[in-house]
Amino acid sequence: AEEEAEAPEIPEKKRSLGIAVHRALEERAAGRPFRAGRFLDWLMGPAHPDRGWVLGELEADLDRLEACGFFDRFSGAEVRAEVPILKREPLAGGGERLIRGAVDLIAVRPDRVEFYDYKTARVSAGRVPDQIDRYRPQMILYTGVLSEIFSLPVTGYLVFTALGEVVETVKA
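Residues numbered from 1 in each chain as written. Predicted model: local features only at pLDDT ≥ 70, side-chain atom pairs only at ≥ 80, totals over all residues. Heavy atoms only, no water.

A. The arrangement of the overall build of the protein in detail. Looking only at helices and strands, the protein features four helices and six strands. Counted from the first residue to the last, the protein has its helices and strands arranged as β-α-α-α-β-β-β-α-β-β. Its C-alpha radius of gyration of 17 Å places the protein within 12% of the 16 Å reference for a compact globule of 172 residues. The buried share among the 172 residues of the protein stands at 42%. Pairs at least 24 apart in sequence give 61% of the contacts found in the protein among residues at least 6 apart. Surface exposure of the protein reaches about 9400 Å², of which carbon and sulfur atoms provide 50%. (Helix = DSSP H or I, 4+ residues; strand = E, 2+ residues; numbered from the N terminus. Rg over C-alpha atoms; globule rule 2.2 N^0.38 Å. Buried < 20%, exposed > 50% of the residue type's maximum accessible area, 1.4 Å probe, protein only. Contact = heavy atoms within 4.5 Å. Areas by Shrake-Rupley, 256 points an atom, 1.4 Å probe, with all protein chains shown as cover.)

Spelled out as structure tokens, the structure:
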């Protein structure tokens with residue numbers, strides 16, 4: 001059996017922003033240029049009514065992350081994006097459940113592994129502790145799987161793009 005939660009309906013412009021932020025961070029963390037306007041033209045079309053809002057939010061997120069040194073974290077690391085995670089867990093009554101996910105970004109170094117999960121929702125700083133609690137089970141799962149795969153210390157971070165904050169949430 002597979003455990004999959006039904007995703008809440010997300011407005012198109014917020015979904016487009018999430019896709020664009022994920023792609024931009026993937027490219028920038030790997031040291032590659034990202035052309036936001038060209039990507040949004042492909043994603044949304046050049047005349048889409050929400051394109052200006054998405055572009056403005058995306059550029060602001062990237063500026064905030066640049067200012068906090070986010071992209072400097074990946075110097076010398078092997079960077080992997082959208083890494084699938086799969087874990088089988090036994091059920092109390094027999095059988096098992098399959099849990100699937102994808103880690104937004106992993107930075108592998110000879111002595112440690114760091115992973116980053118991007119949160120693109122427009123949250124206020126006061127809601128960060130609630131968001132950390134909300135995503136803690138996911139972060140613990142990712143930490144356990146990555147510890148098994150790499151046999152290295154693993155640290156997980158939530159990246160709140162709207163705030164330009166990178167918060168350590170788990171360590172193993």
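B. Local environment of the packing of aromatic side chains. Counted by the stated rule, this structure contains nine aromatic pairs. Ring geometry for Phe70 and Tyr118: centres 6.4 Å apart, planes at 75 degrees, overall edge-to-face. With Phe70 in the loop between helix 3 (51-67) and strand 2 (78-90) and Tyr118 in strand 4 (residues 112-119), this pair connects stretches of sequence that are 48 residues apart. On the basis of relative accessibility, which here comes to 0%, the residue Phe70 falls in the buried class. Here Tyr118 falls in the buried class, since its relative accessible area comes to 4%. In this structure an aromatic cluster arises from ring pairing among Phe70, Phe71, Phe74, Tyr116, Tyr118 and Tyr157. We note Arg73 situated over the ring of Tyr157; from NZ or CZ to the ring centre the distance is 4.9 Å. (Phe/Tyr/Trp six-rings, centres within 6.5 Å; stacked < 30°, edge-to-face > 60°. Lys NZ or Arg CZ within 6 Å of the ring centre and 35° of its normal.)

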